[in-house]
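# Remarks on the overall topology
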Amino acid sequence: LISNTEIFSASKALMLSREDPTDASRTAPCTSPSAEWLRQQISNVSDEDLSNFFNWHVYTLPFAYKLFVEKNQYDQEYFGINGEYTQEINCIHQQAEEFWSDSGVDDE
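Only a predicted model underlies this, so the values are computations on that prediction, with no experimental measurement involved.

## Thoughts on the confidence of the model for the protein
Considering every residue of the protein, the mean pLDDT works out to 75; 65% of them sit at 70 or more. Per-element averaging of pLDDT across the protein places helix H1 (residues 4-17) at the bottom with 59 and helix H5 (residues 86-102) at the top with 88.

Shown next as structure tokens:
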């Protein structure tokens, strides 16, 4: 999982990336294509909304939906471009489940 420190850092980085890059008192901003794409994506989002996004942990909603709401369609999930890692990942997952089941850890 992502720690609160990492989320704060990501939030702060997004807020800083919105500042005027022509301000001479600051160091030069990152100018990668992905940084520019991100700036364009968040340019119309208010600072308040961006802060709320992180403070309210809205970024976790897709994970919560996938884990708790959406029907499990494991037969349609695969790993690797052509599914070449599916068997290996499923085996590792099964071994992890067996480990924790046999560990004596109470699920409640």
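## Let's talk about the packing of aromatic side chains
Think of a pair of aromatic rings as described by two things: how far the centres are apart, and how the planes are tilted against each other in angle. In total, this model carries four aromatic pairs according to the counting rule given. Seen from their ring centres, Phe53 and Phe54 are 5.1 Å apart, and the 90° between their planes marks the pair as edge-to-face. Take Phe54: its relative accessible area is 8%, and that puts it in the buried class. Pairing Phe54 with Tyr59 gives two aromatic rings, centres 6.1 Å apart and planes at 40°, and the pair type is tilted. There is no split in this pair, since Phe54 and Tyr59 are both buried. Here the aromatic residues Phe53, Phe54 and Tyr59 are joined through ring pairs into a cluster of three or more.

## Topic: unusual backbone geometry
At His57, a residue that is not glycine, the phi angle is positive and equals roughly 60°. With respect to the helices and strands, the residue His57 is situated in the loop between helix H3 (47-55) and helix H4 (61-69).

## Here's the deal with the side chain of Asn52
With respect to the helices and strands, the residue Asn52 is situated in helix H3. Ignoring anything within four residues of it in the chain, the contact list for Asn52 reads His57 and Val58.

## Section: the side chain of Thr86
As for its placement among the helices and strands, Thr86 is situated in helix H5. The exposure class of Thr86 is buried, given its relative accessible area of 15%. Here Phe79 takes part through its backbone nitrogen, which lies 2.8 Å from a polar atom of the side chain of Thr86. Of the polar contacts made by the side chain of Thr86, one reaches the backbone oxygen of Gly83; its length is 3.1 Å.

Calculation rules
- All residue numbers refer to position in the chain's written sequence, counted from 1.
- For this predicted model, a pLDDT threshold of at least 70 governs which residues receive local features, and a threshold of 80 or more governs which side-chain atom pairs are given and counted, while totals over whole chains, interfaces and linings are taken from all residues.
- To obtain the side-chain values, all non-hydrogen atoms of the structure were used and water was disregarded.
- The predictor attaches a confidence to each residue, called pLDDT, with possible values from 0 through 100.
- Secondary structure elements are taken from DSSP: a helix is a run of H or I of four residues or more, a strand is a run of E of two residues or more, and numbering for both begins at the N terminus.
- Pairing of aromatic rings covers Phe, Tyr and the six-membered ring of Trp, with a centre-to-centre limit of 6.5 Å; geometry is then stacked below 30 degrees between planes, edge-to-face above 60, and tilted otherwise.
- Exposure is judged per residue with a 1.4 Å probe applied to protein chains only, and the accessible area is read against the type maximum: over 50% gives exposed, under 20% gives buried, and values in between give partly exposed.
- Whether two residues touch is decided by their heavy atoms; if any such pair falls within 4.5 Å, the residues are in contact.
- Any N or O atom pair separated by 3.5 Å or less is treated as a polar contact, with the protein-specific requirement of one donor-capable and one acceptor-capable atom, and with residues adjacent in sequence counted only for side-chain atom pairs.

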